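# Report on the structure
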Amino acid sequence: MQITLGALVERLGGELIGDPSIVIRQIATLEKAGEGDLAFLANPKYRAALDGTTASAVIVDPKSAGLTERARIVTRDPYLYFARAAQWFNPLRRPPAGIHASAVVASALPESVSVGPNAVIGEGCEIGENTVIGPGCHVGDGVRIGPDGLLHAGVTIYADCVVGARAILHSGAVIGADGFGFARDSDKRWVKIPQIGRVVIGDDVEVGANTTIDRGALDDTVIGNGVKLDNLIQIAHNVHVDDDAIMAGLSGIAGSSRLGKRVMVAGQAGISGHLSVGDDIVVSAGTIITKTLDKPGVYTAMLPQMTHADWVKNVSHVRRLDGLADRVRELEKLLAEKNKENS
Amino acid sequence: MQITLGALVERLGGELIGDPSIVIRQIATLEKAGEGDLAFLANPKYRAALDGTTASAVIVDPKSAGLTERARIVTRDPYLYFARAAQWFNPLRRPPAGIHASAVVASALPESVSVGPNAVIGEGCEIGENTVIGPGCHVGDGVRIGPDGLLHAGVTIYADCVVGARAILHSGAVIGADGFGFARDSDKRWVKIPQIGRVVIGDDVEVGANTTIDRGALDDTVIGNGVKLDNLIQIAHNVHVDDDAIMAGLSGIAGSSRLGKRVMVAGQAGISGHLSVGDDIVVSAGTIITKTLDKPGVYTAMLPQMTHADWVKNVSHVRRLDGLADRVRELEKLLAEKNKENS
Amino acid sequence: MQITLGALVERLGGELIGDPSIVIRQIATLEKAGEGDLAFLANPKYRAALDGTTASAVIVDPKSAGLTERARIVTRDPYLYFARAAQWFNPLRRPPAGIHASAVVASALPESVSVGPNAVIGEGCEIGENTVIGPGCHVGDGVRIGPDGLLHAGVTIYADCVVGARAILHSGAVIGADGFGFARDSDKRWVKIPQIGRVVIGDDVEVGANTTIDRGALDDTVIGNGVKLDNLIQIAHNVHVDDDAIMAGLSGIAGSSRLGKRVMVAGQAGISGHLSVGDDIVVSAGTIITKTLDKPGVYTAMLPQMTHADWVKNVSHVRRLDGLADRVRELEKLLAEKNKENS
């Protein structure tokens with residue numbers, strides 16, 4: 001693909017300083033960019049790299065526009081501009097439409113759909129136009145998937161689940177396995193509660209590799225529009241994740257909890273069950289949320305790393321903090337009494 | 001399916017207050033239930049929902065029996081009753097018996113077994129009556145699986161592992177991959193230790209999506225009867241999980257540790273290697289257990305969430321707790337000396 | 001397989017005390033070993049087991065050589081010796097060369113390669129001699145895999161990734177899914193950044209079951225030689241893991257971070273993004289690293305487990321530690337003033 005700077009700016013906006021006929025073939029980092037590459041400066045702390053770059057052009061914000069003599073596109077948000085330009089140069093790879101001879105398909109599909117080798121599609125499914133079902137995917141009976149979706153190899157969707165338009169599901173993702181629900185009998189054995197809800201996923205959702213989203217017990221598990229889930233995330237039954245929330249790898253949400261709109265959950269963080277995390281809240285890495293949070297802001301709960309020797313010396317005191325607080329209170333009382341005596 | 005209240009009580013027990021000829025077709029929550037639905041009140045804090053429900057009947061405990069005029073089944077444990085009723089209305093979906101033409105099967109199987117499209121079964125396997133091997137499952141050579149099992153799509157079982165009766169294994173579960181064992185040579189390179197033990201799983205076990213249970217190094221990894229494992233759990237080599245233990249998502253157990261009977265491990269909790277967690281112990285979410293625990297009870301170790309500003313202000317002190325404790329001790333000494341002087 | 005003690009020592013070294021014609025057929029633990037088994041004592045705390053063993057021979061270090069009358073191989077590192085002997089008795093199981101009739105292969109492969117049932121290999125791939133592609137594996141277009149590799153059932157490698165020689169990839173591992181990169185538009189919606197880097201994996205790497213390694217955004221994600229990754233690990237885009245580093249289950253590394261040579265990361269630990277962990281550093285279980293670490297050593301950050309009652313009593317004080325430190329400082333000031341008054 002070859003696009004001139006002039007064509008880029010015409011489509012994506014921004015102010016071009018430099019020759020509009022310069023040809024761009026790919027996006028690259030300032031360090032690696034060469035002839036034909038468009039680089040970007042999104043973070044002012046990398047300004048030094050601007051000097052050394054051999055990119056054909058760079059995307060910069062107004063403050064950095066004067067820092068280079070190279071052809072440049074000036075825009076308020078270079079990172080967003082870079083994302084949009086990168087999408088143009090790198091459209092999603094879609095295999096040609098058609099059903100591979102080795103696939104086992106029991107539903108009628110639009111001609112524009114692509115089904116890869118050894119994929120299995122059950123009965124009564126509805127798959128939207130242009131959607132790609134990758135090799136070895138398993139799509140259960142009665143599943144509905146919107147148009148323009150991309151299921152990479154080896155995605156599993158259990159029966160009756162719903163996925164919206166433009167979904168990107170990565171390999172090993174499992175949508176709709178049974179929620180983890182058991183009653184306990186009088187012998188303390190676990191009695192399985194059938195999970196008869198579904199998973200219902202909105203439009204423009206991306207689900208990372210080996211991430212699991214369980215079906216609801218009685219009602220549905222719901223993932224809103226524009227939600228982005230990284231790899232190895234666990235979403236339990238009856239969770240609601242609102243629009244444009246985002247979760248990083250190895251995080252999880254326990255049953256029936258709700259993430260508000262645009263909530264951001266960092267890696268290895270967890271949300272306990274039956275609670276709610278309000279709109280725009282940010283949960284830091286490794287933090288377990290155990291109470292409903294209403295007020296926007298960043299919430300954090302992890303110990304900072306220490307050398308192991310420092311940890312041994314200091315952290316054991318956490319187990320005796322209540323005693324330490326009592327001793328401080330006692331000292332305050334004694335000193336106050338002494339002051340009274342002396343006065 | 002249609003079952004009268006009379007038939008339900010005849011089979012599952014409980015005291016019926018109301019018309020035994022009322023027909024039930026499904027289980028639902030108090031909020032969503034309508035004509036033909038059976039709802040339940042398991043937690044007294046949801047009593048308000050009882051007033052608004054339009055369920056045909058409800059399951060309640062004796063204390064709540066007087067709170068509604070609706071047809072009701074009175075039982076000591078409504079949640080357990082709900083589980084049993086829900087199982088009756090929602091039996092596990094099992095595809096018809098028989099081997100799909102696209103499956104590759106190298107062992108003789110009972111006629112009642114169902115093998116889905118593109119599943120692969122090795123040599124010398126024994127599969128019990130009525131067991132379902134879902135699409136795209138991989139069952140290695142010499143594997144034994146009990147009767148009435150349900151392997152959802154895309155389960156992998158490595159060679160020689162054993163799975164008991166009535167197993168439910170969810171998609172992406174991997175049973176019997178190599179344990180993580182290496183010696184270090186004099187150049188500090190890792191030398192693989194062959195993992196020649198098996199995984200041996202008891203009866204009535206459920207394994208969640210993308211959960212991994214590694215085979216033992218020399219002896220076996222053992223999962224007892226009635227154990228329930230959620231999604232994305234890691235069970236390392238030579239672990240023993242005793243009967244009726246239960247683990248939630250993203251939790252893990254390191255090598256050679258043992259979970260006692262009915263142990264409950266919450267989400268994202270971890271058990272270090274070579275230790276033992278006694279019967280009936282509960283491990284809270286996000287808690288790492290680093291020592292053998294004998295005494296029943298709940299064990300917890302995580303920081304409570306704070307605003308990030310509070311965290312910055314407070315948690316840094318953990319690194320200096322030993323010094324703070326010293327300073328309190330010094331103050332106590334000084335004040336005691338002062339008291340002595342003054343007396 | 002049958003190997004005499006004499007042949008073992010001839011090939012693997014060590015000093016034999018005992019009859020070199022004794023025949024060994026397998027490796028076993030001291031407790032389970034019997035006639036024909038070779039056991040080992042790697043940890044002096046298990047010396048008691050040496051007395052009770054019925055192994056045909058044992059591997060011991062010089063200090064323990066006098067503790068038994070059995071035939072024994074004396075070596076400085078019995079655990080390493082055990083690893084090497086175990087490898088000899090238990091070579092990796094490799095299915096015969098050839099492409100299964102049900103596999104879908106679009107590249108020319110060496111005759112020594114084995115491709116299992118229902119595996120899918122794209123166009124333009126290069127697979128090295130003797131490499132095994134297990135059943136149901138998906139290898140994308142343009143992938144290169146070195147010789148003598150073993151991909152267990154159900155491994156996925158996305159297009160253009162590179163895997164070195166002698167790789168062992170376990171079931172459900174996903175190599176090369178998109179890194180988790182998004183810009184945010186003015187409506188706070190996420191705009192996907194195409195991930196056009198690759199994953200490049202060195203020689204002698206083992207990747208555990210259901211572990212995910214994401215492709216780079218613009219440049220590559222790089223895994224060095226001899227790296228060992230356990231199950232359910234998340235490696236984000238543009239991470240570099242240097243040679244002989246090792247990570248345990250459920251751990252993760254966020255984007256663009258770097259692990260030095262021989263770094264050891266314990267289970268459920270995490271490394272935040274854009275930082276560096278120096279050579280030979282050890283990160284303890286459940287510890288989140290949030291700053292670059294240069295100095296070798298062990299780093300730890302987790303709370304020790306407590307009974308839940310102790311936790312409730314003590315951990316709430318962490319939220320008020322800054323206040324407690326202030327109060328101690330105030331007491332010190334008051335006492336110092338009092339001392340001044342009195343003097």
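Residues numbered from 1 in each chain as written. Chains lettered and ligands numbered in written order. Predicted model: local features only at pLDDT ≥ 70, side-chain atom pairs only at ≥ 80, totals over all residues.

## Considering the overall build of chain A
The test is simple: The secondary structure listing takes helices from DSSP runs of H or I that are at least 4 residues long and strands from runs of E that are at least 2 residues long, numbered from the N terminus. The reference for a compact globule is 2.2 Å times residues^0.38; the radius of gyration itself is calculated from the C-alpha atoms. The exposure label follows from counting other C-beta atoms within 10 Å of a residue's C-beta, where the C-beta atoms are placed from the backbone and the thresholds are 20 or more for buried and 12 or fewer for exposed, leaving partly exposed in between. For every residue pair, C-beta atoms are placed from the backbone, and the pair is scored as a contact if these atoms sit within 7 Å.
Secondary structure summary: chain A contains five helices and 39 strands in total. Relative to a compact globule of 343 residues, whose C-alpha radius of gyration would be 20 Å, chain A shows 27 Å and is clearly more extended. On the principal axes, the C-alpha backbone points of chain A span a range of 90 × 65 × 35 Å. Put simply, chain A has 343 residues, and 57% of those count as buried. For chain A, the proportion of contacts with a sequence separation of at least 24, taken over those separated by at least 6, is 20%.

## A few points about the sheet that holds strand β6 (residues 57-60) of chain C
Residues and elements named next belong to chain C. Condition: Whether two strands pair comes down to DSSP finding at least two bridges between them. For helices, the fitted line uses only the C-alpha atoms of the stretch in contact; every axis is such a line through C-alpha atoms, and the angle between N-to-C directions lies from 0 to 180 degrees.
Reading across the sheet, the five strands line up as β2-β7-β6-β5-β4 and stay open at both edges, with mixed pairing between neighbours. The two strands at the open ends of the sheet, each matched to only one other strand, are β2 (15-17) and β4 (26-27). Running over the sheet, helix α1 (residues 5-12) touches β2, β6 and β7 (72-74) and is turned about 160° from β2.

## Details of the sheet that holds strand β6 (residues 57-60) of chain A
The strands that make up a sheet are held in pairs by hydrogen bonds between backbone atoms, and each pair lies either parallel or antiparallel. Residue and element names in this part refer to chain A. Strand order in this open sheet of five strands is β2-β7-β6-β5-β4, and the pairing throughout is mixed. Among the strands making up the open sheet, the edge pair consists of β2 (15-17) and β4 (26-27). Direction of pairing for β4 relative to strand β5 (residues 37-40): parallel, over a ladder of two bridges. Residue Ile27 lies in a different strand from β5, and its bridge partner there is Leu38.

## Things to note about the relation of the copies chain C and chain B
Basically, it comes down to this: Only residues with pLDDT of at least 70 in both copies contribute their C-alpha atoms to the least-squares superposition of the copies.
The transform that puts chain C on chain B rotates by 120° and translates by 0.0 Å along the axis, for an RMSD of 0.0 Å. Accordingly, the operation relating the two chain copies is best matched by a three-fold axis.

## A few points about the interface of chain C and chain A
Here is the rule: In the scheme used here, Gly and all other residues not listed as nonpolar or charged are polar, with Ala, Val, Leu, Ile, Met, Phe, Trp, Tyr, Cys and Pro taken as nonpolar and Asp, Glu, Lys and Arg as charged.
Across the boundary between the two partners, chain C contributes 62 residues, which contact 61 residues of chain A. At the level of elements, β21 (182-184), β22 (190-192), β37 (288-289), β38 (298-300), α4 (308-315) and α5 (321-342) of chain C are the ones that each hand at least two residues to the side of chain C that touches chain A. Top element by residues in the side of chain C that touches chain A is α5(C). It accounts for five residues. Here the residues of the side of chain C that touches chain A are counted per class, giving 32 nonpolar, 19 polar and eleven charged. In this sheet, β38(C) lies alongside strand β39 (residues 306-307) of chain A in antiparallel orientation, the contact comprising two bridges. If you follow A:Thr307 over to β38(C), its bridge partner there is C:Tyr299.

## A few points about the interface of chain C and chain B
Counting from both sides, the interface comprises 61 residues of chain C and, opposite them, 62 residues of chain B. Here the side of chain C that touches chain B takes seven residues from α5(C), the largest share from any one element. Its residues assigned to classes, the side of chain C that touches chain B comprises 27 nonpolar, 23 polar and eleven charged.

## With respect to the domain arrangement of chain A
Let me state the cut-off plainly: All the domain ranges listed were derived from an automatic or database domain assignment.
Per the domain assignment, the segments making up chain A are domain 1 (3-89) and domain 2 (308-342). The centre of domain 1 of chain A, based on its C-alpha atoms, is set 58 Å off from the matching centre of domain 2 of chain A.

## Examining the nonpolar core
Across soluble globular proteins, you tend to see nonpolar side chains buried next to one another. We count it as follows: A set of buried residues drawn from Ala, Val, Leu, Ile, Met, Phe, Trp, Tyr and Cys, joined through C-beta atoms within 7 Å, is what defines a nonpolar core.
By size, the foremost hydrophobic cluster in this structure holds 251 residues, and its most contacted members are A:Ile133, B:Ile133 and C:Ile133. The residues touching A:Ile133, leaving out its near neighbours within four places in the chain, are A:Val113, A:Ser114, A:Val115, A:Gly116, A:Ala119, A:Ile121, A:Ile127, A:Val139 and A:Leu151.

## Notes on unusual backbone geometry
Among all residues except glycine, the phi angle is most often negative; among peptide bonds, the trans geometry is most common. Residues and elements named next belong to chain A. With a phi angle near 65°, Asn118 is a residue other than glycine that sits in the positive phi range. Mapped onto the elements, Asn118 comes out in the loop between β10 (114-115) and β11 (120-121). A residue is classified by how many C-beta atoms lie within 10 Å of it, and Asn118, with 30 of them, is buried. One non-glycine residue, Asp148, lies in positive phi territory at about 60°.

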